[in-house]
Amino acid sequence: MLYVVSTPIGNLGDITYRAVEVLKSVDLIACEDTRKTRILAGHYGIRTHLTSYYEYNKAAKGDYILRILKEGKRVALVSDAGTPGISDPGFSLIRSVLDSGIGVVSIPGPTALISALSISGLATNKFFFEGFLPVKGGPRKKRLTWLKGLGTTIVVYESPHRLLKTLEDMAEILGDKKIVVAREITKKFEEAIQAGPQELIKRFKASKPRGEFVLMF
Ligand code: SAM
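Residues numbered from 1 in each chain as written. Predicted model: local features only at pLDDT ≥ 70, side-chain atom pairs only at ≥ 80, totals over all residues. Heavy atoms only, no water.

Draft legend 1. Seen up close, the overall build of the protein. When helices and strands are tallied, the protein shows eight helices and ten strands. For the C-alpha atoms alone, the extent of the protein along its principal axes is close to 55 × 35 × 30 Å. Counting over 217 residues, the protein shows a buried share of 47%. Considering only contacts within the protein whose residues lie at least 6 apart along the sequence, 69% involve residues at least 24 apart. Of the roughly 11300 Å² that the protein leaves accessible, carbon and sulfur atoms contribute 54%. (Helix = DSSP H or I, 4+ residues; strand = E, 2+ residues; numbered from the N terminus. Buried < 20%, exposed > 50% of the residue type's maximum accessible area, 1.4 Å probe, protein only. Contact = heavy atoms within 4.5 Å. Areas by Shrake-Rupley, 256 points an atom, 1.4 Å probe, with all protein chains shown as cover.)

Draft legend 2. Structural context of the domain arrangement of the protein. Considered domain by domain, the protein is made up of domain 1 (2-107) and domain 2 (112-216). Taking only C-alpha atoms into account, the centre of domain 1 sits 28 Å from that of domain 2. Listed per partner, the contact involves six residues of domain 1 and ten residues of domain 2. Carbon and sulfur atoms make up 64% of the surface buried where domain 1 meets domain 2, a total of about 570 Å² over both sides. Counting the contacts that link domain 1 with domain 2 gives zero salt bridges. Inspection of the region where domain 1 meets domain 2 yields one residue pair in polar contact (both at pLDDT 80 or more). For the side of domain 1 that touches domain 2, a count of residues per class yields two nonpolar, three polar and one charged. (Domains from an automatic or database assignment. Buried area = accessible area lost by both parts, 1.4 Å probe. Salt bridge = Lys/Arg side-chain N within 4 Å of Asp/Glu carboxyl O. Polar contact = N/O pair within 3.5 Å; in protein donor to acceptor, adjacent residues only side chain to side chain. Nonpolar A, V, L, I, M, F, W, Y, C, P; charged D, E, K, R; others polar.)

Draft legend 3. Quick peek at the pattern of salt bridges. A complete count under the given rule lists 14 salt bridges for this structure. With a shortest N-O distance of 2.9 Å, E191 and R183 are connected by a salt bridge. Classification of E191 as partly exposed rests on a relative accessible area of 22%. For R183, a relative accessible area of 14% gives the class buried.

Draft legend 4. Spatial organisation of the sheet that holds strand 1 (residues 2-5). Taken in spatial order, the five strands of this open sheet run 3-2-4-1-5, and their pairing is parallel. Edge positions in the sheet fall to strand 3 (50-52) and strand 5 (104-107), since each of these pairs with one other strand and no more. For this sheet, the mean inter-axis angle between neighbouring strands, taken without regard to orientation, is 25 degrees. Here strand 1 pairs with strand 4 (residues 75-77) via three bridges, running parallel. Of the residues in strand 4, the one forming a bridge with L2 is V75. (Pairing = 2+ DSSP bridges. Axes fitted to C-alpha atoms, helices over the stretch in contact; angles between N-to-C directions.)

Draft legend 5. Expanded view of helix 2 (residues 34-44). For helix 2, the complete set of buried residues consists of T37, L40 and A41. The arc enclosing the buried residues of helix 2, seen along the axis, measures out at 100 degrees, which places them on a common side. Summarising the geometry of helix 2, the exposed residues directed more than 90 degrees from the buried face are R35, I39 and G42. Considering only its buried residues, helix 2 is in contact with helix 1 (17-25), strand 2 (28-31) and strand 3. The distance from a side-chain oxygen at the start of helix 2 to the backbone nitrogen of R35 is 2.9 Å, and the residue carrying that oxygen is D33. (Arc of directions from axis to C-beta.)

Draft legend 6. Fine view of the sheet that holds strand 8 (residues 179-183). Spatially, the five strands line up as an open sheet ordered 6-7-10-8-9, and their pairing is mixed. Here the strands that pair on one side only, and so sit at the sheet edges, are strand 6 (127-132) and strand 9 (191-195). Going across the sheet, the axis of each strand differs from the next one's by a mean of 20 degrees, ignoring polarity. Strand contacts of helix 7 (residues 163-174): strand 7 (153-158), strand 8 and strand 10 (213-216), with the helix running at about 0 degrees to strand 10, the strand carrying the most contacts. Sheet contacts for helix 8 (residues 197-206): strand 8, strand 9 and strand 10; angle to strand 9, the most-contacted strand, approximately 135 degrees.

Draft legend 7. Region of the structure containing the site of the ligand. The immediate surroundings of the ligand are formed by 18 residues, with I9, T83, T111, Y157 and F213 found nearest. Between the ligand and I86 there is a distance of 2.9 Å, counted from a nitrogen atom to a backbone nitrogen or oxygen. I185 places a main-chain nitrogen or oxygen 2.9 Å from a nitrogen atom of the ligand. In isolation the ligand exposes 570 Å². Once the protein is present, 91% of that is buried. Elements with a contribution of two residues or more to the shell around the ligand: strand 7 and strand 10. Residues belonging to the shell around the ligand are distributed by class as follows: nine nonpolar, four polar and five charged. When residues of the shell around the ligand are assigned to domains, at least three fall in each of domain 1 (2-107) and domain 2 (112-216). (Near = heavy atom within 4 Å.)

Here's what the structure looks like:
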(Lines give C-alpha, C1' and ligand atoms only; values in the text may rest on other atoms or scores of the structure.)
Protein backbone atom coordinates (compact mmCIF):
# COMPACT_ATOMS: atom_id res chain seq x y z
CA MET A 1 0.00 0.00 0.00
CA LEU A 2 1.15 3.52 -0.84
CA TYR A 3 -0.08 6.19 1.61
CA VAL A 4 -0.24 9.69 0.10
CA VAL A 5 0.23 11.80 3.21
CA SER A 6 -0.40 15.55 3.41
CA THR A 7 2.02 17.48 5.61
CA PRO A 8 2.10 21.13 6.82
CA ILE A 9 2.54 24.05 4.38
CA GLY A 10 4.49 25.98 7.01
CA ASN A 11 3.14 25.61 10.54
CA LEU A 12 4.31 22.24 11.90
CA GLY A 13 1.11 21.95 13.96
CA ASP A 14 -0.97 21.45 10.81
CA ILE A 15 -0.81 17.65 10.54
CA THR A 16 -3.42 15.05 11.43
CA TYR A 17 -3.06 12.39 14.16
CA ARG A 18 -3.59 9.80 11.48
CA ALA A 19 -0.80 11.21 9.30
CA VAL A 20 1.67 11.00 12.22
CA GLU A 21 0.57 7.43 13.00
CA VAL A 22 1.00 6.38 9.37
CA LEU A 23 4.41 8.06 9.06
CA LYS A 24 5.55 6.26 12.24
CA SER A 25 4.30 2.84 11.17
CA VAL A 26 5.24 2.54 7.47
CA ASP A 27 8.43 0.77 6.32
CA LEU A 28 9.68 3.72 4.27
CA ILE A 29 8.89 7.40 3.69
CA ALA A 30 9.52 8.75 0.18
CA CYS A 31 9.96 12.53 0.41
CA GLU A 32 11.32 15.34 -1.80
CA ASP A 33 14.04 16.88 0.36
CA THR A 34 15.10 14.60 3.24
CA ARG A 35 16.39 17.64 5.21
CA LYS A 36 12.92 19.21 5.19
CA THR A 37 11.07 16.02 6.10
CA ARG A 38 13.64 15.27 8.83
CA ILE A 39 12.54 18.48 10.62
CA LEU A 40 8.91 17.28 10.60
CA ALA A 41 9.96 13.75 11.61
CA GLY A 42 12.09 15.09 14.49
CA HIS A 43 9.20 17.23 15.75
CA TYR A 44 6.84 14.22 15.95
CA GLY A 45 9.29 11.49 16.97
CA ILE A 46 8.98 9.71 13.60
CA ARG A 47 11.97 7.38 13.17
CA THR A 48 11.01 5.75 9.85
CA HIS A 49 13.72 5.58 7.17
CA LEU A 50 13.51 8.41 4.60
CA THR A 51 14.41 8.22 0.92
CA SER A 52 14.43 11.16 -1.49
CA TYR A 53 12.08 11.12 -4.46
CA TYR A 54 12.19 14.31 -6.50
CA GLU A 55 12.00 15.67 -10.04
CA TYR A 56 15.51 14.59 -11.12
CA ASN A 57 15.67 11.06 -9.66
CA LYS A 58 12.01 10.15 -10.02
CA ALA A 59 12.52 7.51 -12.74
CA ALA A 60 15.17 5.41 -10.93
CA LYS A 61 13.79 6.05 -7.43
CA GLY A 62 10.26 5.35 -8.62
CA ASP A 63 11.38 1.85 -9.75
CA TYR A 64 13.04 1.25 -6.37
CA ILE A 65 9.90 2.30 -4.44
CA LEU A 66 7.74 0.12 -6.69
CA ARG A 67 10.00 -2.90 -5.92
CA ILE A 68 9.62 -2.28 -2.19
CA LEU A 69 5.84 -2.04 -2.52
CA LYS A 70 5.77 -5.28 -4.55
CA GLU A 71 7.58 -7.02 -1.66
CA GLY A 72 4.46 -6.21 0.39
CA LYS A 73 5.98 -3.31 2.31
CA ARG A 74 4.08 -0.14 3.23
CA VAL A 75 5.39 3.17 1.89
CA ALA A 76 4.29 6.75 2.64
CA LEU A 77 4.74 9.50 0.07
CA VAL A 78 5.10 13.07 1.34
CA SER A 79 6.20 16.27 -0.40
CA ASP A 80 8.11 19.26 0.96
CA ALA A 81 4.78 20.84 1.83
CA GLY A 82 1.08 20.14 1.46
CA THR A 83 -0.51 17.35 -0.53
CA PRO A 84 1.75 15.12 -2.66
CA GLY A 85 0.88 15.13 -6.35
CA ILE A 86 -0.44 18.71 -6.34
CA SER A 87 2.13 20.57 -8.51
CA ASP A 88 4.96 18.36 -7.31
CA PRO A 89 6.64 15.13 -8.52
CA GLY A 90 4.37 12.81 -6.49
CA PHE A 91 2.07 12.42 -9.49
CA SER A 92 4.43 10.10 -11.45
CA LEU A 93 4.86 7.70 -8.54
CA ILE A 94 1.13 7.58 -7.80
CA ARG A 95 0.44 6.85 -11.50
CA SER A 96 2.94 3.99 -11.72
CA VAL A 97 1.83 2.47 -8.40
CA LEU A 98 -1.79 2.48 -9.61
CA ASP A 99 -0.70 0.99 -12.95
CA SER A 100 0.97 -1.87 -11.04
CA GLY A 101 -2.32 -2.71 -9.32
CA ILE A 102 -1.03 -1.69 -5.87
CA GLY A 103 -3.39 0.18 -3.54
CA VAL A 104 -3.05 3.94 -2.99
CA VAL A 105 -4.80 5.68 -0.10
CA SER A 106 -5.04 9.34 0.84
CA ILE A 107 -4.21 10.66 4.30
CA PRO A 108 -5.70 14.12 3.72
CA GLY A 109 -4.54 17.43 5.13
CA PRO A 110 -3.25 20.83 4.04
CA THR A 111 -2.77 22.04 0.51
CA ALA A 112 -1.83 25.63 -0.35
CA LEU A 113 -4.48 26.06 -3.03
CA ILE A 114 -7.46 25.23 -0.79
CA SER A 115 -6.05 27.17 2.18
CA ALA A 116 -5.55 30.24 -0.05
CA LEU A 117 -8.94 29.91 -1.72
CA SER A 118 -10.73 29.58 1.60
CA ILE A 119 -9.52 33.00 2.79
CA SER A 120 -9.68 34.75 -0.61
CA GLY A 121 -13.23 36.04 -0.46
CA LEU A 122 -13.58 34.95 -4.11
CA ALA A 123 -16.30 32.63 -5.39
CA THR A 124 -15.37 29.05 -4.52
CA ASN A 125 -18.40 27.16 -5.84
CA LYS A 126 -16.43 26.72 -9.08
CA PHE A 127 -12.73 27.41 -9.59
CA PHE A 128 -9.86 26.47 -11.88
CA PHE A 129 -6.48 25.43 -10.48
CA GLU A 130 -3.72 26.42 -12.90
CA GLY A 131 -0.70 25.37 -10.80
CA PHE A 132 2.41 27.17 -12.10
CA LEU A 133 2.06 29.41 -15.17
CA PRO A 134 4.54 28.95 -18.04
CA VAL A 135 7.95 30.44 -17.20
CA LYS A 136 8.42 32.25 -20.55
CA GLY A 137 6.63 35.55 -21.13
CA GLY A 138 4.93 34.71 -24.46
CA PRO A 139 3.32 31.42 -23.39
CA ARG A 140 2.47 32.94 -19.99
CA LYS A 141 0.53 35.82 -21.56
CA LYS A 142 -1.23 33.42 -23.91
CA ARG A 143 -2.24 31.23 -20.99
CA LEU A 144 -3.46 34.24 -18.97
CA THR A 145 -5.63 35.29 -21.91
CA TRP A 146 -7.13 31.79 -21.99
CA LEU A 147 -7.66 31.74 -18.21
CA LYS A 148 -9.38 35.15 -18.35
CA GLY A 149 -11.96 33.68 -20.74
CA LEU A 150 -12.94 30.89 -18.31
CA GLY A 151 -15.05 33.29 -16.25
CA THR A 152 -14.42 31.45 -12.99
CA THR A 153 -12.05 31.93 -10.04
CA ILE A 154 -8.48 31.06 -11.04
CA VAL A 155 -5.79 29.84 -8.62
CA VAL A 156 -2.11 30.14 -9.58
CA TYR A 157 1.06 29.09 -7.71
CA GLU A 158 3.99 31.48 -8.06
CA SER A 159 7.58 31.72 -6.86
CA PRO A 160 8.92 34.97 -5.33
CA HIS A 161 11.44 35.56 -8.12
CA ARG A 162 8.80 35.41 -10.88
CA LEU A 163 6.06 37.27 -9.01
CA LEU A 164 6.71 40.74 -10.46
CA LYS A 165 6.91 39.50 -14.06
CA THR A 166 3.64 37.60 -13.62
CA LEU A 167 1.93 40.66 -12.09
CA GLU A 168 3.16 42.77 -15.03
CA ASP A 169 1.64 40.26 -17.47
CA MET A 170 -1.55 40.21 -15.41
CA ALA A 171 -1.75 44.01 -15.63
CA GLU A 172 -1.49 43.75 -19.41
CA ILE A 173 -3.97 40.90 -19.86
CA LEU A 174 -6.41 41.36 -16.97
CA GLY A 175 -6.44 45.18 -16.82
CA ASP A 176 -7.45 46.47 -13.40
CA LYS A 177 -9.11 43.22 -12.25
CA LYS A 178 -8.53 42.70 -8.52
CA ILE A 179 -6.08 39.96 -7.64
CA VAL A 180 -5.77 38.25 -4.27
CA VAL A 181 -2.17 37.53 -3.27
CA ALA A 182 -1.93 35.02 -0.40
CA ARG A 183 1.58 34.82 0.98
CA GLU A 184 3.26 32.59 3.57
CA ILE A 185 0.00 30.94 4.65
CA THR A 186 0.21 29.47 8.20
CA LYS A 187 3.64 31.10 8.71
CA LYS A 188 4.82 34.10 10.73
CA PHE A 189 4.47 36.63 7.91
CA GLU A 190 1.18 35.30 6.55
CA GLU A 191 -0.95 37.83 4.65
CA ALA A 192 -3.64 38.00 1.98
CA ILE A 193 -3.90 41.22 0.01
CA GLN A 194 -6.52 42.14 -2.57
CA ALA A 195 -5.59 44.86 -5.07
CA GLY A 196 -5.25 45.66 -8.76
CA PRO A 197 -2.06 44.48 -10.53
CA GLN A 198 -0.55 48.02 -10.70
CA GLU A 199 -0.91 48.53 -6.95
CA LEU A 200 0.59 45.10 -6.28
CA ILE A 201 3.51 45.83 -8.62
CA LYS A 202 4.20 49.07 -6.75
CA ARG A 203 4.07 47.28 -3.43
CA PHE A 204 6.40 44.43 -4.42
CA LYS A 205 8.83 46.83 -6.09
CA ALA A 206 9.04 48.77 -2.84
CA SER A 207 9.54 45.61 -0.77
CA LYS A 208 11.11 42.56 -2.45
CA PRO A 209 8.74 39.55 -2.71
CA ARG A 210 9.70 36.92 -0.15
CA GLY A 211 8.21 33.55 0.71
CA GLU A 212 5.61 31.47 -1.07
CA PHE A 213 2.70 32.87 -3.04
CA VAL A 214 -0.73 31.88 -4.32
CA LEU A 215 -2.40 34.31 -6.73
CA MET A 216 -6.16 34.26 -7.31
CA PHE A 217 -8.47 36.30 -9.51
N1 SAM B 1 1.99 20.12 -2.96
C2 SAM B 1 1.87 21.49 -2.53
C3 SAM B 1 0.43 21.78 -2.11
O4 SAM B 1 -0.29 20.84 -1.77
O5 SAM B 1 0.02 22.94 -2.08
C6 SAM B 1 2.36 22.46 -3.58
C7 SAM B 1 3.76 22.25 -4.04
S8 SAM B 1 4.33 23.45 -5.17
C9 SAM B 1 5.89 22.76 -5.59
C10 SAM B 1 4.85 24.78 -4.11
C11 SAM B 1 3.98 26.03 -4.29
O12 SAM B 1 2.86 25.96 -3.41
C13 SAM B 1 4.70 27.32 -3.88
O14 SAM B 1 5.47 27.83 -4.96
C15 SAM B 1 3.52 28.24 -3.58
O16 SAM B 1 2.95 28.74 -4.76
C17 SAM B 1 2.54 27.24 -2.93
N18 SAM B 1 2.70 27.24 -1.46
C19 SAM B 1 3.21 26.24 -0.70
N20 SAM B 1 3.17 26.59 0.61
C21 SAM B 1 2.64 27.84 0.67
C22 SAM B 1 2.35 28.74 1.73
N23 SAM B 1 2.62 28.43 2.99
N24 SAM B 1 1.80 29.93 1.42
C25 SAM B 1 1.53 30.26 0.13
N26 SAM B 1 1.77 29.44 -0.91
C27 SAM B 1 2.32 28.24 -0.65
